Amino acid sequence: MKLLIQTPEGTIVNLIKEYELGKTIQCIKTNYLGTEVNPLKYELFRYKLPKGVVVIFKDNRVLRTRNEWFEYRALAALAREYGAFKHGVLLKKNGYQTEVDGVSLEENLLVEIKRDFINQGWIDFYSSKLKKLGYKILFLVAPAFKKDLIVPSDIKLIKFRPDWRSIHSYYQHYKFPTWIREKIAPRHFRFLLPNGRWKGAKRKFSKTAKHTPESKFYQAIKWLKFWTPVKIYYTMSRMVNPPREYFGRGYPLPHLLAVFDIDADSHTHIIGPQGFCQRCITEASEKRKFAEEILTNEGYQFKTIFSGKKGFHIYIFEEDEAKEVNPGEFFQIMEKIKAFTDSISFRDKNNQFDIHRIIKVPNTIDASTGMIVNTGIKKLNLNDQLIFL
Ligand SMILES: [Zn+2]
């Protein structure tokens, strides 16, 4: 979370961690003369100074979802031993309200998952959180822990080692589906890394005398060095200069893949050993059925694939390949199935098609679930490890 101190002397911005929140607020109140006032939207704390203000901002959605893959994978691994978990649950007790990363279905087990180096500050923070919520036991899952921590008996430390090797070697033998292969070269590819950052492909994945689109694609993954991508996206629009699109300067052309996104409505996800939320699939399957029925009746050819986590992508086809359309045609099709697709958000602020829009690449892996983005609900066999300390 972000701390902002604005005084006539200047502005200070600092990043603080959740466990430092209490201490930071205390510190502000002791060192600055002022009054605490109600925080505004997106704020956790607001303190009015005679000349200036101190604000602590909540993490935004992008930051919150940055480590989602780690939470999903860790809960799935835990679910193999303890049964399914609800993900991201708001708990309330005696006026205290807080979000917990995982709660077992019987509500007797709390899980906090932090993709961070756990020090004593974190332990003390979670220990006090556990007491305030009145639960008996908390699993604290993280990639690494400081040595010689003082840990209360109701907190169990679990080191989580996600299996990246299987995902990496999957890409070594990766093939673009034949129905999309011809459409790959003019599109910009972008990789979401495990640390939440993005990397853009520096080359076009076109066929040359020396290389296939696949060998260039794998090369691009190798260039990420010790990272393996969590998710891989490509632009729906063709680009004049695909690699430059990473800087927003790819010059999109009005030839876009007619692909529509279908998701479940928002709810608390339940993660079982299979790694994804079954309710998402059930709800999205219902919408998918309706959308497919309409498209069939209208005479469209299409292919529906699993989007890797919580829904489906419907590609409009022409002669057994993914079809490209202009924005007008895209909206015409969307109008017919708009009650069932989330692609309504594909409009930009001028109500035009957002030509910079990206979507997950078919046949790639969504590493938050280990599922393959393609027909059927297929999972890669992952050897994720939980080490109880
Ligand atoms: Zn769900």
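Residues numbered from 1 in each chain as written. Predicted model: local features only at pLDDT ≥ 70, side-chain atom pairs only at ≥ 80, totals over all residues. Heavy atoms only, no water.

## Considerations on the coordination of the zinc ion
Logical step 1: Surrounding the zinc ion are the protein donor atoms His 267 (NE2), His 269 (ND1), Cys 277 (SG) and Cys 280 (SG), at 2.1 to 2.3 Å.
Logical step 2: If you look at the zinc ion, its four donor atoms make angles of 93 to 123° with each other, and the shape they trace is tetrahedral.
Logical step 3: On the primary sequence, the residues serving as donors to the zinc ion are separated as H-x1-H-x7-C-x2-C. The exposure classification of His 269 matches that of Cys 277, with both residues buried. (Donors = N, O, S within 2.8 Å, 3.2 Å for Na, K, Ca; no water. Tetrahedral: all angles 85-135°; square planar, octahedral: opposite > 155°, others 65-115°. Buried < 20%, exposed > 50% of the residue type's maximum accessible area, 1.4 Å probe, protein only.)

## Focus on the domain arrangement of the protein
How large an interface is tends to be reported as the accessible area lost when its parts come together.
Logical step 1: For the protein, the assigned domains are domain 1 (2–59), domain 2 (63–161) and domain 3 (166–381).
Logical step 2: At the interface, four residues of domain 1 touch nine residues of domain 2.
Logical step 3: Between domain 1 and domain 2, a total of about 630 Å² is buried, with carbon and sulfur atoms accounting for 56% of that surface.
Logical step 4: Lys 114 is the salt-bridge partner of Glu 18, the closest N and O atoms lying 3.9 Å from each other. (Domains from an automatic or database assignment. Contact = heavy atoms within 4.5 Å. Buried area = accessible area lost by both parts, 1.4 Å probe. Salt bridge = Lys/Arg side-chain N within 4 Å of Asp/Glu carboxyl O.)

## Topic: the environment of Tyr 42
Logical step 1: Position of Tyr 42 relative to the elements: it lies in the loop between β3 (35–37) and β4 (43–49).
Logical step 2: Classification of Tyr 42 as exposed rests on a relative accessible area of 56%.
Logical step 3: Distance from Tyr 42 to Val 55, taken between C-alpha atoms, is 10 Å for residues 13 residues apart in sequence.
Logical step 4: Ignoring sequence-local partners within four residues, the contact set of Tyr 42 consists of Phe 57 and Lys 58. (Helix = DSSP H or I, 4+ residues; strand = E, 2+ residues; numbered from the N terminus.)

## Observations concerning the pairing of strand β6 (residues 85–93)
Logical step 1: Relative to strand β7 (residues 96–104), β6 runs antiparallel, the two being bridged by eight bridges. Bridging from a neighbouring strand, Lys 92 pairs with Gln 97 of β7.
Logical step 2: The turn joining β6 and β7, which pair antiparallel and follow one another in sequence, is formed by two residues; a positive phi near 45° is taken by Asn 94. (Pairing = 2+ DSSP bridges.)

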